[in-house]
Amino acid sequence: MWSKLWKLKVPSKVAHIFLRALTECLPTMTQLYSWYVPVQLTCPVCSTTEETIFHALVSTPFATQCWQRIVGGNPFGSTDNFKDWFSNILATFSSEKCGEVFMFCWAIWRARDNDRDGASRWARPHVNIIKVSVDASMFSKNNAYGIGLVARDSDGEVIHAQTWRIWGTLLVFVP
Ligand SMILES: [Zn+2]
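Scoring rules and cut-offs
Residues numbered from 1 in each chain as written. Predicted model: local features only at pLDDT ≥ 70, side-chain atom pairs only at ≥ 80, totals over all residues. Heavy atoms only, no water. Patch = residues over 30% accessible without salt bridge, like charges linked within 9 Å, V, L, I, M, F, W, Y side chains within 5 Å. Areas by Shrake-Rupley, 256 points an atom, 1.4 Å probe, with all protein chains shown as cover. Salt bridge = Lys/Arg side-chain N within 4 Å of Asp/Glu carboxyl O. Helix = DSSP H or I, 4+ residues; strand = E, 2+ residues; numbered from the N terminus. Buried < 20%, exposed > 50% of the residue type's maximum accessible area, 1.4 Å probe, protein only. Arc of directions from axis to C-beta. Donors = N, O, S within 2.8 Å, 3.2 Å for Na, K, Ca; no water. pLDDT = per-residue confidence, 0-100. Phe/Tyr/Trp six-rings, centres within 6.5 Å; stacked < 30°, edge-to-face > 60°.

1. Digging into a nonpolar patch on the surface
Nonpolar side chains collect at one region of the surface, where Ile130, Val132, Val134 and Ile159 lie side by side and expose about 340 Å² of accessible area between them. Within the secondary structure, Val132 is located in strand 1 (residues 131-139). A relative accessible area of 47% means that Val132 is categorised as partly exposed.

Structure, rendered in structure tokens:
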């Protein structure tokens, strides 16, 4: 598993979140609790279950819809362990697709953090309007940047989801 993983070209920030997920060090509520942080275990995104790493990245309603778009749903319904789930992804899909899955885990985790901050809590658009959320991050160490895009309708259904990794640098001018 690891040898194939290392071959995927992804920015180190993305890989970092990923490695934390695989080694059970991603700070979900369940993880925080196991580190004796006094938190509620309930998922901050959907409030219906305890937030494990698998739940945060794979089975929240939002993540489920993203995976529906990317890999045609959750093809490995029997597992609720993130490492097993991703091993299956690696074994089943091309490196290209796995890289995309990598990027999406990062985007889903970022969306969760943004939701929690309340800074950009998502609100449904009006009927017949599609709302597109875009998030971007610089990976300056890797000379790359990443962009995540999700389009949702008034029912909150994901209509389109995509991520891009772009190699190169952006100059950002702050007036
Ligand atoms: Zn949830």
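2. Quick word on helix 2 (residues 12-22)
Along helix 2, the positions that sit buried rather than exposed are Val14, Ala15, Ile17, Phe18, Ala21 and Leu22. Along the axis of helix 2, the buried residues cluster in a sector spanning 160°; they form a single face.

3. Focus on the coordination of the zinc ion
Taken together, Cys43 (SG), Cys46 (SG) and His55 (NE2) make up the full set of protein donors to the zinc ion, lying 2.0 to 2.2 Å away. Sequence spacing of the donor residues for the zinc ion, all on one chain, is C-x2-C-x8-H. Look at Cys46 and you get buried, because its relative accessible area is 18%.

4. Brief notes about the environment of Ser133
By the secondary structure assignment, Ser133 is in strand 1. In the structure, Ser133 is positioned 15 residues away from Gly148 in sequence and 8.1 Å away in space, judged by C-alpha atoms.

5. Thoughts on the confidence of the model for the protein chain
Mean pLDDT over the protein chain: 80, with 83% of residues reaching 70 or higher. Mean pLDDT across the secondary structure elements of the protein chain bottoms out at helix 1 (residues 2-7), with 71, and peaks at helix 4 (residues 53-59), with 94.

6. Some remarks on the packing of aromatic side chains
A full pass over the atoms with the stated rule returns eight aromatic pairs. Their ring planes at 70° and their centres at 4.5 Å tell us that Phe18 and Phe86 sit as a pair that is edge-to-face. Of the two residues, Phe18 sits in helix 2 while Phe86 sits in helix 6 (residues 82-92), which places them 68 residues apart along the sequence. As far as burial versus exposure is concerned, Phe18 and Phe86 are alike and both buried.

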